Amino acid sequence: MVAKQKFAYIVATIMAAVLGVVGAWLPWVRKQPAGITDEYMVGLDAGFSDVDLLVTILVVAVVVAVVLGHYRNWRPDGILIGAGGLILIVFGSVFQSYSAVERYVVEPGLYLLIVSGFLFILIGVVAVLSRRMTFPPQYRDEAV
């Protein structure tokens, strides 16, 4: 990758991670008739608890892997795709379970987590495709 592409790759990964952390912090769901009940569900309150810390650790680990890949010439694209897929599957099913119940309304935190998962996958796939479409320097003249 060229230096500008690596910088954009790192910045895009950090932006997706920030969306993931903000999505984990924001509430994921609210009860439709706002009343007091004993019912508790994950994502009802803002702040970090339960699964939120695992999501934060996951996205921070992905950012660390991408930044280290920049300096050590690794290819962390598989890590991005895997983490994005995991986030998308887990929170897509949470979204589906909350939206299936009539008395719950999905809040912005869950949407941000799903977008974060999509972005991780998109960044990883674009990086893989850009490597596959780029010719090595010794073959560039013959390819044109």
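Residues numbered from 1 in each chain as written. Predicted model: local features only at pLDDT ≥ 70, side-chain atom pairs only at ≥ 80, totals over all residues. Heavy atoms only, no water.

Asker: Sorry if this is basic, but what is going on with the overall build of the protein here?
Answerer: Within the protein, the regular secondary structure consists of 5 helices and 2 strands. Starting at the N terminus and walking to the C terminus, you meet the elements of the protein as α-β-α-α-β-α-α. Counting over 144 residues, the protein shows a buried share of 33%. Relative to all contacts within the protein whose residues are 6 or more apart in sequence, the contacts with residues 24 or more apart total 69%. (Helix = DSSP H or I, 4+ residues; strand = E, 2+ residues; numbered from the N terminus. Buried < 20%, exposed > 50% of the residue type's maximum accessible area, 1.4 Å probe, protein only. Contact = heavy atoms within 4.5 Å.)

Asker: Would you mind showing me how to read helix α3 (residues 77–100) here?
Answerer: Because an α-helix packs 3.6 residues into every turn, residues spaced three or four apart end up facing the same way. Between its first and last C-alpha atoms α3 spans 34 Å; for 24 residues at 1.5 Å apiece the expected length is 34 Å, and the two agree. Here α3 has its buried residues at D77, L80, A83, G84, G85, I87, F91, V94 and Y98. (Expected span 1.5 Å × (residues − 1).)

Asker: Would you explain the environment of G117 in this entry?
Answerer: Among the secondary structure elements, G117 is positioned in helix α4 (residues 108–133). Residue class for G117 comes out buried when judged on its relative accessible area of 0%. Between the C-alpha atom of G117 and that of L88, which follows or precedes it by 29 residues, the distance is 4.9 Å.

Asker: Sorry, what's going on with the UniProt feature "transmembrane region" (unreviewed entry) in the protein here?
Answerer: Within this structure's numbering, the places UniProt gives as "transmembrane region" (unreviewed entry) are residues 7–28, 48–71, 78–98 and 110–130. Counted over residues 78–98, helix gives 100% and strand 0%. Its end C-alpha atoms are 30 Å apart. Secondary structure content for residues 110–130 is 100% helix and 0% strand, and the end C-alpha separation is 30 Å. (UniProt positions renumbered as here; feature names shortened; annotations may be inferred.)

Asker: Before we go on, may I ask you to explain the confidence of the model for the protein in this structure?
Answerer: Do not read the predicted coordinates in detail wherever pLDDT is low. Across the protein, the average pLDDT comes to 80, with 77% of residues at or above 70. Averaged pLDDT values over the elements of the protein bottom out at 53 in helix α5 (residues 140–143) and peak at 90 in α3. (pLDDT = per-residue confidence, 0-100.)

Asker: What am I meant to see in the packing of aromatic side chains here?
Answerer: Each aromatic ring pair is characterised by the separation of its centres together with the angle its planes make. Here the structure, examined in full by the defined rule, presents 3 aromatic pairs. On the numbers, 5.9 Å between centres and 80° between planes, the contact of Y98 with Y104 is edge-to-face. Neither residue differs from the other here; Y98 and Y104 are each classed as buried. (Phe/Tyr/Trp six-rings, centres within 6.5 Å; stacked < 30°, edge-to-face > 60°.)

Asker: Explanation requested: the nonpolar core in the structure shown.
Answerer: Side chains of a nonpolar character, in soluble globular proteins, are inclined to be buried together. Formed by 26 residues in total, the largest nonpolar core has its most connected members in W28, L80, F91, Y98, L110 and F120. The set of elements that each furnish at least two residues to this core consists of α1 (3–25), α2 (51–72), α3, β2 (104–106) and α4. Ignoring sequence-local partners within four residues, the contact set of L80 consists of Y9, T13, V62, V66, F120, I121, I123 and G124. (Core = buried A, V, L, I, M, F, W, Y, C linked by side-chain atoms within 4.5 Å.)

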